[in-house]
Every structure is written in structure tokens, then in C-alpha cells.
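# Structural overview for review
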Amino acid sequence: MADTMQNYVELQGINKHFGSFQASDNISFTIEKGKLVALLGPSGSGKTTILRMIAGLETPDSGNIVIDGQVVNEIPASRRGIGFVFQNYALFRYMTVYDNIAMGLKVKKIPKAQIKERVDSLLELVSLKGMENRYPNQLSGGQRQRVAFARALAPNPQLLLLDEPFAAIDAKVRQELRSWLKEMIGKLGITSIFVTHDQDEAIEVADEIILTNQGHIEQIGTPEEIYRNPQTAFTASFFGQNAELPDYHDFRSFAELDHVDRVLIRPEFVKVYKQDEKIQYERTASEGIVESVSFRGDRTELRIRVNDAVLAAKRNPGEPAIRAGEAVKVFLYRIFVTRGNEVIPLENLALQTDMVVF
Amino acid sequence: MMKRKSTKKTRVIPGFGLSFGITMTILGLIVIIPLCSLVVFSVQLSPAELIRTITRPRVLASYGVSFVTAFAAAAVNAGMGLILAWVLVRYRFPGKRIMDGLIELPFALPTAVAGIALTHLTTENGWVGSLFAKLGIRIAYTKTGIIIALIFIGIPFVVRSVQPVLEKMDPQYEEAAQILGFGPVRTYWKVIFPEIFPAWLSGFTLAFARCLGEYGSVVFIAGNTPFKTEIAPLVIMAQLQEYDYASATSIALVMLLASFLILLINAFIQSRASKKVSGIV
């Protein structure tokens, strides 16, 4: 136990089929103790299957699942030392909040007084004191999720698994719960894996993201790494609100590459200027027409037609307003070029020359 | 009385007045007026006569036979129907669709046909009856026979009540129980049974109420020995054949009240269960 950065969960070459559908294709990864990890991917990418196999709700066709140094393939779900928060919480509807949380302890034949102590402290932790005699349907969505969280934590698991924990909650509460959950898991120091299809959620909450696609892993890394430096074509196209350019040679000034498949550009790589605004790289900017403007409160989202491409861009509230139909100048900082499964980030050459000058 | 939410709200079927009127007309013609006529006929007797009619020893014995056999049959159906529904929902096996279709047969078959067939099978010379006769058990012309006929009649109620609930049940409940380490017994009693209980109970009460009133299939197999295998509906029938409408209706009124009471208890328990789920306690 000298190694403090030990791997707590390890998947080794996991394969899983449902009929002819391959849900997991040679999945291998490791998760360090105490980390909060997101399994991210589009629906049908196999992320939930991975979570369910770790939990013991599905059995892999081949490969090993290791938890805390022990191969758990043959160990039933209840003895893997895990807590599981279901997508719809699966709270027992005919039991009170108290009983829901206490059930996992009663099963273990723990003395009543000890159960009460544990449940009370969990109720305090999730700030639901005074709600213990309510039934799940008398609670709000956010409260139900906290009960599900407390119920999963009650038997003191070493690994917490959460299946789309925020999917069933309305947008406003979701934001609060995300920060709450991150904070809570950080405080408890429990190794946690959650499944999500929402990139913002994964980026905001997770220490590490495992990006899945069509049953295999595309990339593993911290949110920053995976967002900034996508290693595969899928990763590059999955993150950010990408626009696709038919031909990037229309835009100055990027390095010339052959055999390009797709050219992707994110809104944050685009800078928009009004005709009368001062622009640093005048020479390399392109002319465009604003197709639509949509106000989003903290920002304005623009769609700008430049040559044959439609770019998405953002504008801050402080900057002079831009109207639909207006002619603007557009400068691209950066683009992602994909060739096969490879991604090549290209910086605008104007920026590089600039660097040399300074 | 009428709850109209807003003055102009689009409805799929136009006119609350019209649809409510049709509902009340049908209910009135088919249910309420006939039931009221029961009361009207009964009150032709003086209270003392009424009491005497409905407490004649033979009549009292027939209530006893009716209730005991109906309750026993409904109880057997409650258990059997639950297992049947479980098997039909949870397992796949060849012939499942046929088995599923067979459940409704007791509804479709004229009850007298079922009665005759069952009687034929269970007399001392019948296929089944002869086997039991060797063990000294008589089925036809005893209460056991009545119960068997009533079980046949009541099969669909519990199965068809429980089946849709089991089908809709989210498998996540059982998975949650599995991860928390519930054994199969605890999972069943704490997680699955509470979910199906309201439907199961309503299936049981419907079967019970239906069995109380069953006549056609029972008369053949019962043997109709007064004080032993004579059911209340048969006593009513006998009174009618003697043109004693007042007696017949007073006995029927007792049966009606009993059925009503059973359904009322059911409704009470149902509403308590649904309160937990709907979130208004």
C-alpha cells in the first residue's frame, strides 16, 4: 500500500455483445483511487454497459474487471463494495425516505441503533433532515436524487457508480446538483464513475473523461486535455459546437495539407469584427454575412455565412451589437483538420508570424 | 358539481353535458334502476317479515356456503393467478401466447358449459373424480366441487390485473435491490410485492365478488343439498320459481350489500396505497 496513486478500478480487454450488437469492443482502462471519472459518449456508445458491468448488473463476454486488486467477474453485485445511483433513482416507492436509506444496512443485520445513527448522519449530509418519513413521490426531483445518493452511500461503498445522474432533473436544479455532487464526492474522497451524454456536464464535473463511441474508447484524459487536444476525429467532432468547413483554403492563412477529410471549427476559434472595428490581422480576415443572431443572455450566438461555409461564433455583451444581415469580418484562430482517424490542429499562420515578431 | 377549468378549453370529445348525460343514462338504465327495483320489491315486506325471510336457517346456510366457497376460490385464484401472471411476464417458453389466450376462456365460455364439463370430470365415475374417489375424496356434489367451479370462473381476474403491472415494472427496482444485497425473498416482499399489491388485491376482490354471484357453473356441480351445497343465488332462483319475488329480492339485497361492502373495502385499501405513490398523504 506504499503506492498512494494506486489504480482502484481496472478493466482489461472487456468485450460484450447483445445479440449481434457489440456494446463493448476490447475496453481497457484504469481509474485511480479517489478520482471522479465521467464515461462520456453519444447514446448507444456503450457507456452505460460499461458502468453496469463494473456494477455486476451485466457480465462481460470476455475480459476482466478488477476492483481494488481483485478480479470481480464472479463476485455478485452486492459484494463488490459499490454504490449505484440509477438514472430514475429507482427509489422504493412504498418505503419512506428513512427506510429507503436504511434498507441496505438492515440487510447486513446491523443493530438498529447503529442504523439509525448512520441514516441520520446521511440525511444530514444530503440536507434532508426532517424528510425521513416522507415517501419518494412527495419529494422534488433534486431531493429524490439526494435520497438515491444517500441510499447508495449507506453501506459505505468504496466505489460509487452513477448512471446519468442529472438526466431526470430540470435545467436549473441540475446546475446546482452538479456542483453539489462534485463537492460531496470530493469531501468523501470516494472513487466515482458517472455516465453522461452531456459534454458540458463531463467537463464541469469530472476529474477525468473516458470518451466512448460505438463500443470502444476514443480518448481518455482530463477535461482540458481532451477538449484542447483531441486525438481522434471523433473526439474533435464530439466536443464543442463544431461547424464544418467545406474548404478551409478559402480562409487565410493556414498551412496547406493534402488528403483532408473534414475541417472542424469551434465557435471559440472564431472572432467576429464589425466593419468599422479595428482588427489586428486585417490581411487574413474574411468577409461574411450574419445569417442569424440569437440572444442567450450572457452571450449572443451568431451564424455567419462566409463563402460556402456557415460558422458559429459568440459575441460578448460588452461588444457593439451585430444585427442579422450585417456584413462582418471574420478571423479564424484555429481549425481542426481530420485525416482518417487522425486530427491535426492548425493555428492561423498570422498568429505564428506575430509571435516571431514580438 | 361540474368542474370546468376554463371557459373555452379544447376537448377531444365535445360537450361535457352530452357525454355526462349519456353516461348517466346508461348507468341508470342498466345498473341503478334494476338495483333500485330490488329495494322496492324488498320493502313490500314489513321489516319483521324481511328479517325473517333473510334469516331463515336455510337462507343463512346458503350465505355461508356462498361466502366460504367464494372466498376459498378467490384465495386460490389470488395465489395461482399471481404465479400465472409472473410466469407469463417473466419467462419465455413455447406456447406462451396460447397460454396467454387461454386465460380469458372462462369469460368467453357459457358458464353452464364449464359447469357440466367440470361435473362430468369430477363425479365418482369421471376421469379426475375416480382418482380422488380411491382416496376417499369426493369432489362433485360437495363444497370442494363448488370451489373448483368458482376457481375456473375467477382465473382471469387476478391474472389480468397483475400482468400489466408486472410488465410495466421498471427492472431498475430489482437491480437496486440486488446491489443493496437484498436476497430474492426480501426483494420480492419489499420491492416487487408492494408494487403489484393494489392490482393483486383488486383482482382478488373482483374474483371474490364475481364468485359470490356465480350461478350457472355451480348448480350442476354443487348437487344443491340444502344446508350443505346450496348457494345463495340458487335459493333466490328457487324463490323466483315459486313467484315469491319479495323473498327473492330481499335475499338478493343481502348479497348486493355484501358485494358492495367488499368492493368498498377494496377501494379504501387501494386509495391508501395510491396515496403513497401519488405523493398526497
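Residues numbered from 1 in each chain as written. Chains lettered and ligands numbered in written order. Predicted model: local features only at pLDDT ≥ 70, side-chain atom pairs only at ≥ 80, totals over all residues.

Once that is clear, we can look at the overall build of chain A. When you go through chain A residue by residue, the secondary structure sums to nine helices and 19 strands. Seen along its three principal axes, the alpha-carbon backbone of chain A occupies a region of about 75 × 45 × 45 Å. Counting every position in chain A, which comprises 358 residues, the buried fraction comes to 39%. (Helix = DSSP H or I, 4+ residues; strand = E, 2+ residues; numbered from the N terminus. Buried ≥ 20, exposed ≤ 12 C-beta atoms within 10 Å, placed from the backbone.)

Right, let's get into the overall build of chain B. Secondary structure summary: chain B contains 13 helices and zero strands in total. When the helices and strands of chain B are placed in sequence order, the string is α-α-α-α-α-α-α-α-α-α-α-α-α. In terms of its C-alpha atoms, chain B occupies a principal-axis envelope of roughly 65 × 60 × 30 Å. Across the 281 residues that make up chain B, the buried fraction comes to 32%. When contacts within chain B are restricted to residue pairs at least 6 apart in sequence, those whose partners lie at least 24 apart make up 78%. (Contact = placed C-beta atoms within 7 Å.)

Moving on to the sheet that holds strand E10 (residues 216-221) of chain A. Residue and element names in this part refer to chain A. Across the sheet, which stays open at both edges, the six strands sit in the order E6-E7-E8-E3-E9-E10 with mixed pairing between neighbours. Two strands in the sheet have a free side with no partner beyond their single neighbour: strand E6 (82-85) and E10. Taken pair by pair, the neighbouring strands of this sheet meet at an average axis angle of 15 degrees, ignoring direction. Each of E6 and strand E7 (159-163) is contacted by helix H4 (residues 141-153), which is oriented at about 165 degrees to E6, the strand it contacts most. (Pairing = 2+ DSSP bridges. Axes fitted to C-alpha atoms, helices over the stretch in contact; angles between N-to-C directions.)

A word on helix H1 (residues 47-55) of chain A. Residues and elements named next belong to chain A. Counting buried residues along H1, nine of its nine residues qualify, which places the element largely inside the surrounding structure. The set of residues buried in H1 consists of Lys47, Thr48, Thr49, Ile50, Leu51, Arg52, Met53, Ile54 and Ala55. Just downstream of H1, glycine 56 is the residue with a positive phi angle, here 95 degrees.

Our focus in this paragraph is helix H2 (residues 97-106) of chain A. All names here are of chain A. Summarising burial for H2: seven of the ten residues are buried, a large majority. Where H2 is concerned, the buried positions are Val97, Asn100, Ile101, Ala102, Met103, Gly104 and Leu105. Turning to H2, the residues buried within the fold contact helix H3 (112-125) and H4.

So, on to the nonpolar core. All names here are of chain A. In terms of nonpolar packing, the biggest core is built from 102 residues, with Ala38, Leu161 and Val330 touching the most fellow members. A total of six residues in this core trace back to one element, the largest contributor, which is H4. No fewer than three residues from each of domain 1 (7-234) and domain 2 (240-357) sit in this core. With sequence-adjacent residues up to four places away left out, leucine 161 is seen in contact with Leu51, Ile54, Ala55, Ile82, Phe84 and Ile193. (Core = buried A, V, L, I, M, F, W, Y, C linked by C-beta atoms within 7 Å. Domains from an automatic or database assignment.)

At the junction of the two partners, chain B supplies 18 residues and chain A supplies 19 residues. Mapped onto the side of chain B that touches chain A, the elements with two or more residues apiece are helix H9 (171-179), helix H10 (184-213) and helix H13 (245-278) of chain B. Residues of the side of chain B that touches chain A, tallied by class, amount to nine nonpolar, five polar and four charged. (Nonpolar A, V, L, I, M, F, W, Y, C, P; charged D, E, K, R; others polar.)

All names here are of chain A. In terms of burial, strand E17 (residues 327-332) is a largely internal element, five of the six residues being buried. Note: strand E13 (residues 270-274) against E17, five bridges, orientation antiparallel. Within E17, the position partnered with lysine 271 by the bridge is phenylalanine 331. When strand E14 (residues 286-295) meets E17, the two strands line up antiparallel, connected through four bridges. Each residue of the ladder has a partner; that of isoleucine 289, found in E17, is alanine 327.

Residue and element names in this part refer to chain A. Per the domain assignment, the segments of chain A are domain 1 (7-234) and domain 2 (240-357). Between domain 1 and domain 2, the C-alpha centre-to-centre distance is 39 Å. Contacts between the two partners involve four residues from domain 1 and, on the opposite side, four residues from domain 2.

With that settled, consider the packing of H2 of chain A against H3 of chain A. All names here are of chain A. Following both chains from N to C, one finds H2 and H3 inclined at 135 degrees, their axes separated by 10 Å at the closest point. With respect to H3, the axis of H2 lies oblique. Crossing angle aside, the handedness with which H2 passes H3 is right-handed. Packed against H2, whose contacting residues are Tyr98, Ile101, Ala102, Leu105 and Lys106, the element H3 presents Ile115, Arg118, Val119 and Leu122 at the interface. (Parallel < 35°, antiparallel > 145°, perpendicular 65-115°, else oblique. Left-handed = near helix turned anticlockwise from the far one by under 90°.)

This part is about the sheet that holds strand E19 (residues 342-347) of chain A. Hydrogen bonds between backbone atoms are what pair the strands of a sheet, whose relative direction is either parallel or antiparallel. Residue and element names in this part refer to chain A. Pairing is antiparallel across the open sheet formed by four strands, whose spatial order is E11-E12-E18-E19. Looking along the sheet, the strands with just one partner apiece sit at the ends: strand E11 (243-245) and E19. Across this sheet, the average inter-strand angle for adjacent strands is 30 degrees, counted without regard to direction.

Now for the packing of H10 of chain B against H13 of chain B. Residue and element names in this part refer to chain B. It is at 10 Å that the axes of H10 and H13 come closest, and there the two elements cross at 175 degrees. If you check the angle between H10 and H13, you find them roughly antiparallel. Residue-level contacts link Phe197, Pro198, Leu201, Ser202, Thr205, Phe208, Ala209, Leu212 and Gly213 of H10 to Met255, Ala258, Ser259, Ile262, Leu263, Asn266, Ile269, Gln270, Ala273 and Ser274 of H13. Broken down by class, the residue content of the contact of H10 with H13 amounts to twelve nonpolar, seven polar and no charged.

All names here are of chain A. For aspartate 68, which is not glycine, the phi torsion reads 50 degrees and is therefore positive. Mapping aspartate 68 onto the fold places it in the loop between strand E4 (62-67) and strand E5 (70-71). Since 16 C-beta atoms lie within 10 Å of it, aspartate 68 is described here as partly exposed.

Next up on the list: the environment of cysteine 211 of chain B. Residue and element names in this part refer to chain B. Inspection of the secondary structure puts cysteine 211 in helix H10. Judged by the 27 C-beta atoms lying within 10 Å of it, cysteine 211 falls in the buried class. Placed 105 residues apart in sequence, cysteine 211 and proline 106 show a C-alpha to C-alpha distance of 12 Å. When sequence neighbours within four positions are dropped, the list of residues in contact with cysteine 211 reads Ala70, Ala73, Ala74, Leu150, Ile153 and Gly154.

It is worth spelling out the environment of phenylalanine 238 of chain A at this point. Residues and elements named next belong to chain A. The residue phenylalanine 238 is located in helix H8 (residues 233-238) in this model. When the C-alpha positions of phenylalanine 238 and asparagine 213 are compared, they lie 9.8 Å apart, and in sequence the two are 25 residues distant. Leaving out residues up to four positions away in the same chain, phenylalanine 238 has contacts with Gln199 and Leu211.

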